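# Geometric and topological summary
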Amino acid sequence: MDALLGTGPRRARGCLGAAGPRSSGRAARTPAAPWARFSAWLECVCVVTFDLELGQALELVYPNDFRLTDKEKSSICYLSFPDSHSGCLGDTQFSFRMRQCGGQRSPWHADDRHYNSRAPVALQREPAHYFGYVYFRQVKDRSVKRGYFQKSLVLVSRLPFVRLFQALLSLIAPEYFDKLAPCLEAVCSEIDQWPAPAPGQTLNLPVMGVVVQVRIPSRVDKSESSPPKQCDQENLLPAPMVLASVHELDLFRCFRPVLTHVQTLWELVLLGEPLLVLAPSPDVSSEMVLALTSCLQPLRFCCDFRPYFTIHDSEFKEFTTRTQAPPNVVLGVTNPFFIKTLQHWPHILRVGEPKMSGDLPKQVKLKKPSRLKTLDTKPGLYTAYTAHLHRDKALLKRLLKGVQKKRPSDVQSALLRRHLLELTQSFIIPLEHYMASLMPLQKSITPWKTPPQIRPFSQDDFLRSLEHAGPQLTCILKGDWLGLYRRFFKSPHFDGWYRQRHKEMALKLEALHLEAICEANIETWMKDKSEVEVVDLVLKLREKLVRAQGHQLPVKEATLQRAQLYIETVIGSLPKDLQAVLCPP
């Protein structure tokens, strides 16, 4: 469809929420404001239709006070429809991710920091991108000039809850396509009654006569977290629809055609290499990209990724330019035109139509980039990259045995996910141990001196430490681990990991310093100090206290109370005029 259109999508005339100012975002909302609970889960709901005169058109945005920029509207229109090469008949579900064009929004969600501090890094709210979850329907309809009914219902969110929102769409969309706007308004009103997403809690979410029960993972969960317990079911009528996960895909189904190359793909993703995924349809494309980006858990995926991308995207030129190196992005596409446009990219994964027969599908072959043809490219991983680690043949045998024994796909996925998790952990643990050794000893932190600095990260020292504390302690895989670490040091993922760990350690150092001050005898310290030094201490203690109360410093409540008492004691020792300045009435 988008390939058939010569003009960009325009707004349908006179439709609810479609028109509006060019400025983007929604004004900050208090918890009691309309749609405050709705906006904890979704930004808005969009309906995109195909109009013979207008092309892809944004028919409806709900709630109607949510404002999108013209560029965002255009992106949503194109990304919500499969392109003409996909030929998707019937109902298709897929997802996309797009950049917010108005910059980072004003704080609609005051609890963003609170939620993100408790959620796993992979499930934190996106600060500068939107996820779009799409339910597209294309069916023959003689009443329409073109002969087909073509419409998409899109949930726009900053939360990466792909399983939850796909399940929600499968309930809402068929009903909406029959009953249209009134049904959608009722659903949005129901979502506006939901409790906010709370990491570590099991929530019951009623919608359209069904209760969807989900557990939002927490960052303190063990890696093998259990599905939600079906709590209070006797009080829920009808019985809830229990989702095993809000975000995990069927990893085995996604990776079936590339199982022999899973480790090579894991390395490419770990190193933040540019990777193009060419698939036959948006659902295959988006699931493969999301599966690849989930391979690094519990490590944060720090590169850009687009589960579905079209030639009409506003960032098309940015991604396809040859004047600079390809960007660090995993890009999912369905238009073969990208093979020609991006043939300079170092890694291209071409996957065919998914085959869900009992046997394992034919595995894609590793091929040199020179074998890439601009037209009729056969499935394969086109790359000159040589994996650093040896293939885990035992894993492949177990998965193959599972296929032969008709083992359920979710069990196969659990095996694959556990393997990738243990592989990532084996890679990261030596880095974590070395980073911890750079932290100053607690005994070197004294109350009345600036705390010592975290020592700098030395790549050479770390590589030397691998001989006695390397990944071989937790992983049986052989290979060139040192070479993999050397390349990792140049990747966005090392930079992201190091910055986050350094920030956490600096906050821990500040917290230990605050504790040291609170355990010291402040009255003894004040005896020979000038008023300027005492006032300086008050101001610094107050600053630390504000940061600690905002949950930025990891300190106990007793420490906070003692710090407040110290501030009051110090202020009480000062002359009345200074007390009036520090504690104005």
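These lines cover the structure that appears in this document, whether it is placed above or below. In this text, all values refer to a predicted model and were calculated from it rather than measured experimentally.

## Observations regarding the sheet that holds strand β3 (residues 90-99)
Pairing in this open sheet of 5 strands is antiparallel, and the strands run β2-β1-β5-β4-β3 from one edge to the other. Whereas interior strands pair on both sides, the edge strands pair on one side only; in this sheet they are β2 (55-62) and β3. In this sheet, neighbouring strand axes are inclined to one another by 25° on average, regardless of whether the strands run parallel or antiparallel. Sheet topology note: the strand β4 (residues 129-140)/strand β5 (residues 148-157) ladder contains 10 bridges and is antiparallel. Each bridged residue has a counterpart across the sheet, and for valine 139 the counterpart in β5 is phenylalanine 149. Across the sheet, helix α3 (residues 162-179) lies against β1 (44-51), β2, β3, β4 and β5, angled at about 140° from β5, the strand it touches most.

## Thoughts on the sheet that holds strand β14 (residues 380-383)
Strand pairing in a sheet relies on backbone hydrogen bonds. The paired strands run either parallel or antiparallel. Taken in spatial order, the 6 strands line up as β10-β11-β9-β12-β14-β13 in an open sheet, and their pairing is mixed. A single partner strand is all that each edge strand has here, and the edge strands are β10 (304-306) and β13 (365-367). On average, each strand axis in the sheet is tilted by 15° relative to the strand beside it, whichever way the strands run. Here strand β9 (residues 275-278) runs beside strand β11 (residues 329-333); their pairing, made up of 4 bridges, is parallel. Looking at the pairing, leucine 276 lines up with leucine 331 of β11.

## Focus on the layout of surface pockets
Within this model, the second largest pocket holds a volume of roughly 580 Å³. Lining the second largest pocket we find 24 residues, and of these Pro257, Val351, Gly352, Glu353 and Pro354 sit closest to its centre. Breaking the lining of the second largest pocket down by element, the ones donating at least two residues are α5 (251-255), α7 (282-293) and β13. Looking at the lining of the second largest pocket residue by residue, the classes come out as 10 nonpolar, 4 polar and 10 charged.

## So, the nonpolar core
Among the nonpolar cores identified, the biggest contains 112 residues, and Trp41 and Phe255 are the most heavily contacted of them. If you tally residues by element for this core, the top one is α3, at 10 residues. The residue makeup of this core includes at least three contributed by each of domain 1 (38-192) and domain 2 (249-499). If sequence neighbours within four positions are ignored, tryptophan 41 has contacts with Ser157, Leu159, Phe161, Leu164, Phe165, Trp194, Pro195, Ala196, Pro197, Leu203, Leu205 and Ile216.

## Details of the packing of aromatic side chains
For the structure on display, the rule yields 33 aromatic pairs. Look at phenylalanine 462 and tyrosine 485: their rings are 5.1 Å apart centre to centre, the planes differ by 75°, and that puts the pair in the edge-to-face class. With a gap of 23 residues between them, phenylalanine 462 in helix α12 (residues 459-469) and tyrosine 485 in helix α13 (residues 481-488) connect regions that are remote in the sequence. Each member of the pair, phenylalanine 462 as well as tyrosine 485, carries the same accessibility label: buried. Each member of the aromatic cluster is reached from another via a ring pair, and the members are Trp266, Phe427, Tyr434, Phe457, Phe462, Tyr485, Phe488, Phe489, Phe494, Trp497 and Tyr498. Sitting above the plane of the phenylalanine 305 ring, arginine 97 keeps its charged end 4.2 Å from the centroid.

## Let's talk about the packing of helix α14 (residues 492-519) against helix α17 (residues 557-572)
Two measures define how a pair of helices packs: the angle their axes make with one another and the distance between the axes. Where α14 meets α17, the axes come as close as 9 Å, and the angle between the chain directions of the two elements is 55°. With respect to each other, α14 and α17 are oriented oblique. The hand of the α14/α17 crossing is left-handed. Here Leu514, Glu515, Ile517, Cys518 and Glu519 of α14 lie close against α17, whose contacting residues are Thr559, Arg562, Ala563 and Tyr566. Here the residues of the contact of α14 with α17 sort into 5 nonpolar, 1 polar and 3 charged.

## Some words on empty space enclosed by the protein
For the structure shown, the criterion picks out 4 cavities of 30 Å³ or more. Considered as a void within the structure, the largest cavity measures approximately 60 Å³ in volume. If you go around the largest cavity, the residues you meet are Leu259, Thr260, Val262, Gln263, Arg391, Asp392, Leu395, Leu396 and His419. At the level of secondary structure, the elements contributing two or more residues to the lining of the largest cavity comprise α6 (262-270) and α10 (393-404). Split by residue class, the lining of the largest cavity holds 4 nonpolar, 3 polar and 2 charged.

Scoring rules and cut-offs
- Residues numbered from 1 in each chain as written.
- Predicted model: local features only at pLDDT ≥ 70, side-chain atom pairs only at ≥ 80, totals over all residues.
- Heavy atoms only, no water.
- Pairing = 2+ DSSP bridges.
- Helix = DSSP H or I, 4+ residues; strand = E, 2+ residues; numbered from the N terminus.
- Axes fitted to C-alpha atoms, helices over the stretch in contact; angles between N-to-C directions.
- Contact = heavy atoms within 4.5 Å.
- 1 Å grid on protein atoms, 1.4 Å probe; cavity = no way out; pocket = protein on both sides within 12 Å on 5 of 7 lines; lining within 4 Å.
- Points joined across faces, edges and corners; volume = space filled by probe spheres on them.
- Nonpolar A, V, L, I, M, F, W, Y, C, P; charged D, E, K, R; others polar.
- Core = buried A, V, L, I, M, F, W, Y, C linked by side-chain atoms within 4.5 Å.
- Buried < 20%, exposed > 50% of the residue type's maximum accessible area, 1.4 Å probe, protein only.
- Domains from an automatic or database assignment.
- Phe/Tyr/Trp six-rings, centres within 6.5 Å; stacked < 30°, edge-to-face > 60°.
- Lys NZ or Arg CZ within 6 Å of the ring centre and 35° of its normal.
- Parallel < 35°, antiparallel > 145°, perpendicular 65-115°, else oblique.
- Left-handed = near helix turned anticlockwise from the far one by under 90°.

Nothing here speaks to function; it is geometry throughout.
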